[in-house]
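One letter stands for each residue in the lines below.
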2 protein chains.
Amino acid sequence: MEFSSKLLEQAVNEMAGLPGIGKRTALRLVLHLLRRPEEETTALTSALLRLRTEVKLCESCHNISDQLLCEICANPKRNHELICVVEDIRDVMAIENTGQFQGIYHVLGGKISPMDGVGPSQLKISTLVEKVRSGLVSELIFALSATMEGDTTNFYIYNQVKSFNLKTSTIARGISVGDQLEFADEVTLGRSILHRVPFEDSLRT
Amino acid sequence: MEFSSKLLEQAVNEMAGLPGIGKRTALRLVLHLLRRPEEETTALTSALLRLRTEVKLCESCHNISDQLLCEICANPKRNHELICVVEDIRDVMAIENTGQFQGIYHVLGGKISPMDGVGPSQLKISTLVEKVRSGLVSELIFALSATMEGDTTNFYIYNQVKSFNLKTSTIARGISVGDQLEFADEVTLGRSILHRVPFEDSLRT
């Protein structure tokens, strides 16, 4: 691409650095901003900057949050003995959308994946085990992707907590194997939480 | 979508305001920025802000530019008597990519389209007629989209300049009717500039 403006070229290159955005799309987006009032660009950039600099991770569940404790962990009406273990904050959003879950979450920040160089130490597993050790947890629900990496992660955590007195379960595999959690429909996902099965049982299938 | 963070929600909403970006894509892009070093977000936002506040339109051809005159208009090696009339700066980029054109451009900023409420007065037509009137132009090449709106715009300009002593041509219609200029391949587009035809001839087809 031949650019008549360095400023334009730079903006397009930065935009094209986002995943799934090619040069042509980036150009289209940037030219759109140029055609619109300056306030739209300011609103976009300041929202992105504020998010990046001010957002926090909840110090209890590692969900994204504006405060030290996220709204879910700070809510006394939620069942704090029931913890749903998820990979990603998008999974929290997906489960919250179903309206079927009244417990709290624990966001691991990924799953164990030797192929991608992600080991247990890069995930928020130790803080989860600590919560279990403190005796305040009655049940862990594993709600990770139905993939090999998800299963590995479930099993790794299960081994760390099985000596403690608590129930462990996985969400029902209504979700087809190999699918990613965030693309499941709300009904399937909601039922899979209601019909969770003891983790020991899930190993036998 | 249920957001656990107002900052996240705002950033996603702003991102989803861009054309062709849905909420889910916006969330993916924003979470990508959160996972990457802060410098990437700063680089993106400052590039967009600088572009939006500092970029100029060339005062001669209305192409996007960092200076008062764009690089093409300021280049003494270009043939300033030969003006290629285009809708959009993306068309300038497309033609420059072919390397077949040594003249200069005139960017109209759109085409006459009553359906979209765009009349001749919203386009940069008067400055083009002024250039022709000054007697410094030997040929106008119409390189607008091969659509009804493009043809209407060609014809409108042609009527304004036909009394002056200059050649008018349109790029060869190797480009299929109904196609948009920016998606044409470089060879077809390059040839269509080399094989341009007198405007009067193009009316007969």
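This structure is a prediction, so every number in the text was calculated from the model and none was measured.

1. Here's the deal with the interface of chain B and chain A
Stage number 1. Contacts between chain B and chain A engage 57 residues on the former and 57 residues on the latter.
Stage number 2. Between chain B and chain A, roughly 5,400 Å² of surface is buried when both sides are summed, and carbon and sulfur atoms account for 68% of that area.
Stage number 3. Scanning the region where chain B abuts chain A turns up zero salt bridges.
Stage number 4. Where chain B meets chain A, there are 14 residue pairs in polar contact (both at pLDDT 80 or more).
Stage number 5. Those elements that place two or more of their residues in the side of chain B that touches chain A are α1 (6–15), α2 (23–35), α3 (38–54), β2 (64–65) and α4 (89–98) of chain B.
Stage number 6. In terms of residue count, α3 of chain B provides more of the side of chain B that touches chain A than any other element does, 15 residues in total.

2. Section: helix α2 (residues 23–35) of chain A
Stage number 1. Here α2 of chain A contains 13 residues, and its C-alpha end-to-end distance of 18 Å stays within 8% of the 18 Å for a straight helix at 1.5 Å per residue.
Stage number 2. Among the residues of α2 of chain A, those classed as buried are Ala26, Leu27, Leu29, Val30, Leu31, His32, Leu33 and Leu34 of chain A.
Stage number 3. Contacts from the buried residues of α2 of chain A go to α1 (6–15) and α3 (38–54) of chain A together with α3, β2 and α4 of chain B.

3. Some words on the sheet that holds strand β3 (residues 79–86) of chain A
Residue and element names in this part refer to chain A.
Stage number 1. Read from one edge of the open sheet, five strands run β4-β3-β5-β6-β7, paired in mixed fashion. The two strands at the open ends of the sheet, each matched to only one other strand, are β4 (103–107) and β7 (197–198).
Stage number 2. In this structure, β3 lies alongside β4, joined through five bridges in parallel fashion. Of the residues in β4, the one forming a bridge with Val86 is Val107.
Stage number 3. Helix α5 (residues 126–133) rests against β3, β4 and β5 (139–142) of the sheet, and its axis sits at about 145 degrees to β4.

4. Thoughts on the pairing of strand β6 (residues 167–170) of chain A
Residue and element names in this part refer to chain A.
Stage number 1. Of the pairings in the sheet, the one linking β5 to β6 comprises four bridges and is parallel in character. Looking at the pairing, Phe142 lines up with Thr170 of β6.
Stage number 2. Read as a crossover between parallel neighbours, the route from β5 over helix α6 (residues 148–161) to β6 is right-handed.

5. A few points about the packing of α2 of chain A against α3 of chain B
Stage number 1. It is at 10 Å that the axes of α2 of chain A and α3 of chain B come closest, and there the two elements cross at 45 degrees. In terms of axis orientation, α2 of chain A runs oblique to α3 of chain B. Seen from above, α2 of chain A lies across α3 of chain B with right-handed handedness. Every residue of α3 of chain B that contacts α2 of chain A at Val30, Leu33 and Leu34 of chain A is listed here: Leu48, Leu51 and Arg52 of chain B.
Stage number 2. Looking at the contact of α2 of chain A with α3 of chain B residue by residue, the class counts come to five nonpolar, no polar and one charged.

6. What to know about the UniProt feature "zinc finger region: C4-type" (unreviewed entry) in chain A
Stage number 1. In the numbering used here, UniProt assigns the "zinc finger region: C4-type" (unreviewed entry) feature to residues 58–73 of chain A.
Stage number 2. Across residues 58–73 of chain A, the secondary structure splits into 0% helix and 12% strand, with the terminal C-alpha atoms separated by 8 Å.

7. Points about the sheet that holds strand β7 (residues 197–198) of chain B
Residues and elements named next belong to chain B.
Stage number 1. Sheet architecture is open: five strands sit in the order β4-β3-β5-β6-β7, paired in mixed fashion. Looking at which strands have only one partner, the edges of the open sheet turn out to be β4 (103–107) and β7.
Stage number 2. Seen against the sheet, helix α5 (residues 126–133) touches β3 (79–86), β4 and β5 (139–142) and runs at an angle of roughly 145 degrees to β4.
Stage number 3. Sitting on the sheet, helix α6 (residues 148–161) is in contact with β3, β5 and β6 (167–170), with an inclination near 170 degrees to β5.

8. Digging into the pairing of β3 of chain A
Residue and element names in this part refer to chain A.
Stage number 1. A crossover links β3 with its parallel partner β4, the connecting element being helix α4 (residues 89–98), and its sense is right-handed.
Stage number 2. Across four bridges, the pairing between β3 and β5 is parallel. Bridge pairing in β5 links Leu82 to Glu139.

9. A short note on the relation of the copies chain B and chain A
Stage number 1. Of the two same-sequence chains, chain B is brought onto chain A (RMSD 0.1 Å, axial shift 0.0 Å) by a rotation of 180 degrees. Accordingly, the operation relating the two chain copies is best matched by a two-fold axis. If distances are taken from each C-alpha of chain B to the rotation axis, the shortest is found for Thr45 of chain B, at 2.5 Å.
Stage number 2. Looking at chain B, 100% of its interface residues are interface residues in chain A too, so the copies touch through the same face.

10. Points about unusual backbone geometry
All names here are of chain A.
Stage number 1. If you check the backbone angles, His62 has positive phi at about 70 degrees while not being a glycine.
Stage number 2. Of note, His62 is situated in the loop between β1 (56–57) and β2 (64–65).
Stage number 3. Look at His62 and you get buried, because its relative accessible area is 10%.

11. Things to note about the nonpolar core
One recurring pattern in soluble globular proteins: nonpolar side chains tend to sit buried together.
Stage number 1. Core analysis: the biggest nonpolar cluster contains 124 residues, and Leu8 and Leu140 of chain A together with Leu8 and Leu140 of chain B have the highest contact counts within it.
Stage number 2. With residues up to four places along the chain from it excluded, the contact list for Leu140 of chain B reads Ile83, Val85, Leu128, Val132, Ile157, Val161, Leu166, Lys167, Thr168 and Ser169 of chain B.

Procedures and definitions
Residues numbered from 1 in each chain as written. Chains lettered and ligands numbered in written order. Predicted model: local features only at pLDDT ≥ 70, side-chain atom pairs only at ≥ 80, totals over all residues. Heavy atoms only, no water. Contact = heavy atoms within 4.5 Å. Buried area = accessible area lost by both parts, 1.4 Å probe. Salt bridge = Lys/Arg side-chain N within 4 Å of Asp/Glu carboxyl O. Polar contact = N/O pair within 3.5 Å; in protein donor to acceptor, adjacent residues only side chain to side chain. Helix = DSSP H or I, 4+ residues; strand = E, 2+ residues; numbered from the N terminus. Expected span 1.5 Å × (residues − 1). Buried < 20%, exposed > 50% of the residue type's maximum accessible area, 1.4 Å probe, protein only. Pairing = 2+ DSSP bridges. Axes fitted to C-alpha atoms, helices over the stretch in contact; angles between N-to-C directions. Right-handed = clockwise from strand over helix to strand, strands pointing away. Parallel < 35°, antiparallel > 145°, perpendicular 65-115°, else oblique. Left-handed = near helix turned anticlockwise from the far one by under 90°. Nonpolar A, V, L, I, M, F, W, Y, C, P; charged D, E, K, R; others polar. UniProt positions renumbered as here; feature names shortened; annotations may be inferred. Least-squares fit on C-alpha atoms with pLDDT ≥ 70 in both. Core = buried A, V, L, I, M, F, W, Y, C linked by side-chain atoms within 4.5 Å.

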